[in-house]
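Observations on the three-dimensional arrangement
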Amino acid sequence: MRMSLPGLLKQSSSSLSATHMNRLLKVPVLASRAFSSSTRQLKNQVPEAQKLFQVDNGLPVHIKGGTGDVLLYRATMMLTIAGSGYSLYWLLIASMPQK
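A brief look at the structure comes next.

We now examine the overall build of the protein chain. Helix and strand counts for the protein chain stand at three helices and zero strands. The linear arrangement of helices and strands in the protein chain, starting from the amino end, is α-α-α. Accessible surface, the protein chain: about 9,500 Å² in total, of which carbon and sulfur atoms supply 66%.

All told, the structure shown has two aromatic pairs when counted by the stated rule. Relative to Trp90, the ring of Tyr86 lies with its centre 6.3 Å away and its plane at 80°, an arrangement referred to as edge-to-face. With a gap of four residues between them, Tyr86 and Trp90 both fall in helix 3 (residues 67-95), about one helical turn apart. The class for Tyr86 is exposed, based on a relative accessible area of 55%. Ring centres 5.2 Å apart and planes at 75° place the aromatic pair Tyr89 and Trp90 in the edge-to-face group. By relative accessible area, Trp90 is classed as partly exposed at 44%.

The next subject is the pattern of salt bridges. For the structure on display, the rule yields one salt bridge. Lys43 is the salt-bridge partner of Glu48, the closest N and O atoms lying 3.1 Å from each other. According to the relative accessible area criterion, Glu48 is partly exposed, its value standing at 41%.

A contiguous nonpolar patch, built from Met21, Leu24, Leu25 and Val27 and spanning about 400 Å² of accessible area, is present on the exposed surface. Within the secondary structure, Met21 is located in helix 1 (residues 5-34). Under the relative-accessibility criterion, Met21 is labelled partly exposed at 45%.

Here we take up the side chain of Lys64. Relative to the helices and strands, Lys64 is located in the loop between helix 2 (46-54) and helix 3. Buried within the structure, Lys64 lacks any salt-bridge partner; Asp56 is the closest side chain of opposite charge, at an N-O distance of 5.7 Å. Here Val55 takes part through its backbone oxygen, which lies 2.6 Å from a polar atom of the side chain of Lys64.

Turning to the environment of Gln54, a few remarks are in order. Along the chain, the position of Gln54 falls in helix 2. Between the alpha carbons of Gln54 and Lys64 there is a distance of 9.3 Å; along the sequence they are 10 residues apart.

The rules behind each value
Residues numbered from 1 in each chain as written. Predicted model: local features only at pLDDT ≥ 70, side-chain atom pairs only at ≥ 80, totals over all residues. Heavy atoms only, no water. Helix = DSSP H or I, 4+ residues; strand = E, 2+ residues; numbered from the N terminus. Areas by Shrake-Rupley, 256 points an atom, 1.4 Å probe, with all protein chains shown as cover. Phe/Tyr/Trp six-rings, centres within 6.5 Å; stacked < 30°, edge-to-face > 60°. Buried < 20%, exposed > 50% of the residue type's maximum accessible area, 1.4 Å probe, protein only. Salt bridge = Lys/Arg side-chain N within 4 Å of Asp/Glu carboxyl O. Patch = residues over 30% accessible without salt bridge, like charges linked within 9 Å, V, L, I, M, F, W, Y side chains within 5 Å. Lys, Arg positive; Asp, Glu negative; His and termini not counted. Polar contact = N/O pair within 3.5 Å; in protein donor to acceptor, adjacent residues only side chain to side chain.

Take a look at the structure:
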């Protein structure tokens, strides 16, 4: 029941090509599903965001987004100040003569 190497290669290549062919035949169907009009339509949320940021309430634009923006701003400022201080510390250490 042994098969020769060319027989095995021929059998495996024909089964592989059939598998690949089946996948290739599905591509047009999947592509048409991806671009069909039956997908859900997303609502444009840009006008609401524009109204929020154009309100004149005395807040800077980087804080008008709410609590998340305030936290992100404060974390960024803390990291900036800490990084600048750390850089200045190492500049001071590097400028001192070695013993």
